[in-house]
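For reference, the chains in residue letters:
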Amino acid sequence: NDVPKRAVGPERDVKMAAAESIFLEGALQVVQQRRRESNTAPEMVDFFGARGLPLKLAFHWLSHSWPPASDAGIPSVQTEAAASRLHLLGMCGRVIGAVAATDMRVVVAKFTEELTEKVSPDPKNGKPNHDLLRGQVQRLCMHGMRHVALRFDTDQQLKDATALLQACRPWQYTALVKKSQIHHMLADMLASMLWPLVWSDRPRVCASLAALDPSLTKVWFDTVGSMKAEAAEWVASHTKHQAAGLPFYTALVCLLDDARYAASLDAALDTLFRVLKGKEYRATCVRCLVQLATSFINRNKRSMPRAKLREWLDTMFKVLLNVARKGGLTREEQLDMVAPIAELAPEYAVPQLLLNGLLNSESQDCRLAGLKALYAVITALPAASASPFAAKEEGGAANDAPVSAAHGYVQPAGACTVPQAFGEIAAAVSRGGPADGKLPADVAEMLRRRSHPFDLAGVSHVWEQVWAVLGRLLTITHPERGGGAGGGNGGGGAVATGPPPSASMASEVLVALIRLMPVTRPESWKGVRPLDVLHGYTTHAEASIRTAALEAVHDIMSSSPHLRNSLLVGCASHVSSLSDDNVLAVRDGMALLRELMSSWQADLAGEQHELYGSIDGGSSGARDAMGLSVARLEGFGLSQLCSADETVRHSALAIIHQVRELHIQLVEAAASLPPAFAASPSPGGGDDGSGRHRATVSEAGALPAAHLLPASPAPPPPHLGASPMPPP
């Protein structure tokens, strides 16, 4: 009533949807915050019961006949009208889900009532508009029941879940026109409700812990078994049912009791592999097969020997990986294929699906998906290990031992409540990396202590394979995209125009490789020295490569103390290789060098040097973390004093002073370490990460001023796409 009279059509609908959304958001806050003891209060029963206003309004707007947004005429009003309606529908679903969490029976009764009215309308109300009614059923299933979650903490919740399955059985709702579409909508709705149960292996786990009434559990499994048989016949009756029927059928198979599951698994695999041979429903079949693999791991990860479980998974994923290599799956579908397995069995997913699978392919899409998945697994492992539902693998990893569920959601003893959503690893893999795209702080802390997330997952044995695969991919990708932007190490030079469209995929692969450098110990990559080419990417022609390279340099500087000196020397080497005419690139490179030294100084000033005493690797690791090539860096600064650009000369003088300050700080930090860690290395000196001699703190501190510039230093080794730099 508060909407102005002059507002008509879509404009009025926008205002009405906004007002209703505000009310439903308030109601949602109330229903989520109310205490259990207040459920029986009269005012709460009236407000949130079957006749309560929030539930009534939610189902009302799900069945509302909206006028077409195109009637607005003005494009901005059309967009606002569509967005406001979508937001209101989402709020309706959230309110229904919140009410269902406390009283499932009320929601099921209201849903079936609305569904029956729309599928079988009363002829007394005139000739029905079946297209309009079908749209309302779609909103009821897609938006209304989207947030309804099945729970099994109590016997009553088990009864409610069984009643929902029985009440929403698709084939008992037959419309007069296009009845298959109603069946498809209900099957999609139930499949989305059942998938979280497959992921968490419920209620089978709850039943095995004797947390539920056995008679009620039997009714649940009997209901699932009967619906599975009906779904199998329905899917086989016509190919048009496969898109909606296969996920529903697969979810029902995964939720069977152990005896019926063992009897139905082979038939389900045969059905899915048969449909997979066609192209129309290939992506659906892949999702269903991954769902079966998830269920198989959940059921057998503790009891089946590792070799046998790996053999079963290899049989399935060999086919799926071939489909991916032939271009049958998009990049997002490949990530979704890997995500659940990476969460439940990272010791299988990393070597078999990623290293031997997607990354061992000629398809750039497969390579990119594999690199993104590998980065996501590494960066998500510490957070997954900190989850209260994660359990570390104990003991050795013998070939006959059961597969560990070290980073899947493992059922704690004596409880049956587990999250209904993906875990940290699976969610990260599905989106292709961390949510904010940054290196997580817990991962950086592990790397700083010379540890690695792979140690948490029991997959440290794959390091050699990881380094070989990444080195091979960088060797392939660098000539394509790394060296095409001008001189310098790995393609530095002036910033030019963007790449042609055909080169975009190779650039994405290179960006993914650069992002992996900080978290995969780049000094150990096989057949290539990533740190020799990394600084060249900071002045690359493509903005995405430049941004990724700068982030990688700063990440390595903060997370790998033993590589800090190598980064400084590499940055100086790259700037020295740039042309004198490329003044902007030289300025940016020298500014980056100063930033890196400032970062190192900030870590020392923040008492980060206390960490060096606990670095794995003993005194050699501590010396690597404290080493500084004073001669090379001061020599670089002196050489840049000869530049024709005044800004470069000022930066060179500032670098010389900053090297001196950093050297003094390192000497003071080294003095605070125990003698075993502060001892000087062998007389032969050290390696700065690029094959060149590095003067350590104690060694450089003893050098007289006349020896700060070496007379004839050894030239650097050749590296990818770059000519050796004459040392300063």
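### Description of the overall build of the protein
Helices and strands together make up the secondary structure of the protein, namely 31 helices and 2 strands. Split into buried and exposed, the 728 residues of the protein put 53% on the buried side. A fraction of 76% describes how many contacts in the protein between residues 6 or more apart in sequence connect residues 24 or more apart. In the form shown here, the protein has an accessible surface area of approximately 31100 Å², with 54% of it arising from carbon and sulfur atoms.

### Overview of the pattern of salt bridges
Considering all chains together, one arrives at 22 salt bridges under this definition. Put simply, Glu 362 and Arg 367 hold a salt bridge, and the shortest N to O gap is 3.4 Å. Classification of Glu 362 by relative accessible area gives exposed; the value is 69%. Residue classification places Arg 367 among the buried residues on the basis of a relative accessible area of 5%. One salt-bridge network, held together by shared partners, links Asp 201, Arg 204, Asp 258 and Arg 299.

### Quick word on the packing of helix H15 (residues 331–344) against helix H18 (residues 424–431)
Taken N-terminus to C-terminus, the directions of H15 and H18 make an angle of 165 degrees; their axes are 8 Å apart at the nearest point. Overall, the two elements H15 and H18 adopt an arrangement that is roughly antiparallel. Handedness of the crossing formed by H15 with H18: right-handed. Where H15 abuts H18, its residues Leu 335, Asp 336, Val 338, Ala 339, Pro 340, Ala 342 and Glu 343 lie against Glu 424, Ile 425, Ala 426, Val 429 and Ser 430. When the residues that make up the contact of H15 with H18 are grouped by side-chain class, the tally is 8 nonpolar, 1 polar and 3 charged.

### Considerations on helix H22 (residues 504–516)
Taking 1.5 Å per residue as the helical rise, H22 with its 13 residues ought to reach 18 Å, and the 19 Å between its terminal C-alpha atoms agrees with that figure. Considered for burial, the residues of H22 that qualify are Ala 506, Ser 507, Val 509, Leu 510, Val 511, Ala 512, Leu 513, Ile 514 and Leu 516.

### Quick word on the side chain of Arg 564
Secondary-structure assignment places Arg 564 in helix H25 (residues 564–577). Side chain to side chain, Arg 564 and Asp 603 meet in a polar contact 2.6 Å long.

### Digging into the packing of aromatic side chains
Applying the stated criterion to the full structure yields 8 aromatic pairs. Ring centres of Phe 296 and Trp 312 lie 3.8 Å apart, and the angle between their planes is 5 degrees; on these two criteria the pair is classed as stacked. Here Phe 296 is found in helix H13 (residues 282–300), whereas its partner Trp 312 is found in helix H14 (residues 306–325), with 16 residues between them in sequence. Comparing Phe 296 with Trp 312 shows no difference in burial state: the two are buried. Each ring, one from Trp 463 and one from Trp 467, has its centre 5.3 Å from the other, and the planes form 20 degrees; the classification is stacked. Of this pair, Trp 463 and Trp 467 are both found in helix H21 (residues 463–482), 4 residues apart, which corresponds to roughly one turn of the helix. Using a relative accessible area of 6% as the deciding quantity, one classes Trp 463 as buried. Look at Trp 467 and you get buried, because its relative accessible area is 9%. An aromatic cluster of at least three residues, connected via ring pairs, comprises Trp 171, Trp 234 and Phe 248. Sitting over the ring of Tyr 261, Arg 299 keeps its end group 3.9 Å from the ring centre.

About the thresholds
The residue numbering used here restarts from 1 in each chain and proceeds along that chain's sequence as written. The predicted nature of this model means local features are confined to residues of pLDDT at least 70 and side-chain atom pairs, given and counted, to a pLDDT of 80 or more, with totals for whole chains, interfaces and linings taken over all residues. Hydrogen atoms and water are omitted, and side-chain values are computed over all heavy atoms in the structure. To qualify as a helix, a DSSP run of H or I must reach at least 4 residues; to qualify as a strand, a run of E must reach at least 2; elements of each kind are numbered from the N terminus. Only protein chains enter the accessibility calculation, which uses a 1.4 Å probe. A residue is then buried if its area is under 20% of the maximum for its type, exposed if over 50%, and partly exposed in between. In what follows, a contact means two residues having at least one pair of non-hydrogen atoms within 4.5 Å. The accessible surface values rely on the Shrake-Rupley method and a 1.4 Å probe; as for residues, cover is taken only from the protein chains in view. Any Lys or Arg side-chain nitrogen located within 4 Å of an Asp or Glu carboxyl oxygen qualifies as a salt bridge. Note on geometry: axes are lines fitted to C-alpha atoms, helical ones only across the stretch in contact, with angles between N-to-C directions running from 0 to 180 degrees. Roughly parallel covers angles under 35 degrees, roughly antiparallel covers those over 145, roughly perpendicular covers 65 to 115, and oblique covers all other angles. Rotating anticlockwise by less than a right angle from the far helix to the near helix defines a left-handed crossing, while the corresponding clockwise rotation defines a right-handed one. Polar here means any residue other than Ala, Val, Leu, Ile, Met, Phe, Trp, Tyr, Cys and Pro, which are nonpolar, and Asp, Glu, Lys and Arg, which are charged; Gly is therefore polar. To estimate the expected span of a helix, count its residues, drop one, and scale the result by 1.5 Å. Contacts described as polar in this section are N or O atom pairs within 3.5 Å, which, within protein, must combine one atom able to donate a hydrogen with one able to accept it, while residues neighboring in sequence count only if both atoms come from side chains. Pairing of aromatic rings covers Phe, Tyr and the six-membered ring of Trp, with a centre-to-centre limit of 6.5 Å; geometry is then stacked below 30 degrees between planes, edge-to-face above 60, and tilted otherwise. In our convention, an over-ring charge means Lys NZ or Arg CZ found within 6 Å of a ring centre and within 35 degrees of that ring's normal.

Honestly, that's just the spatial picture; any functional story needs more than this.
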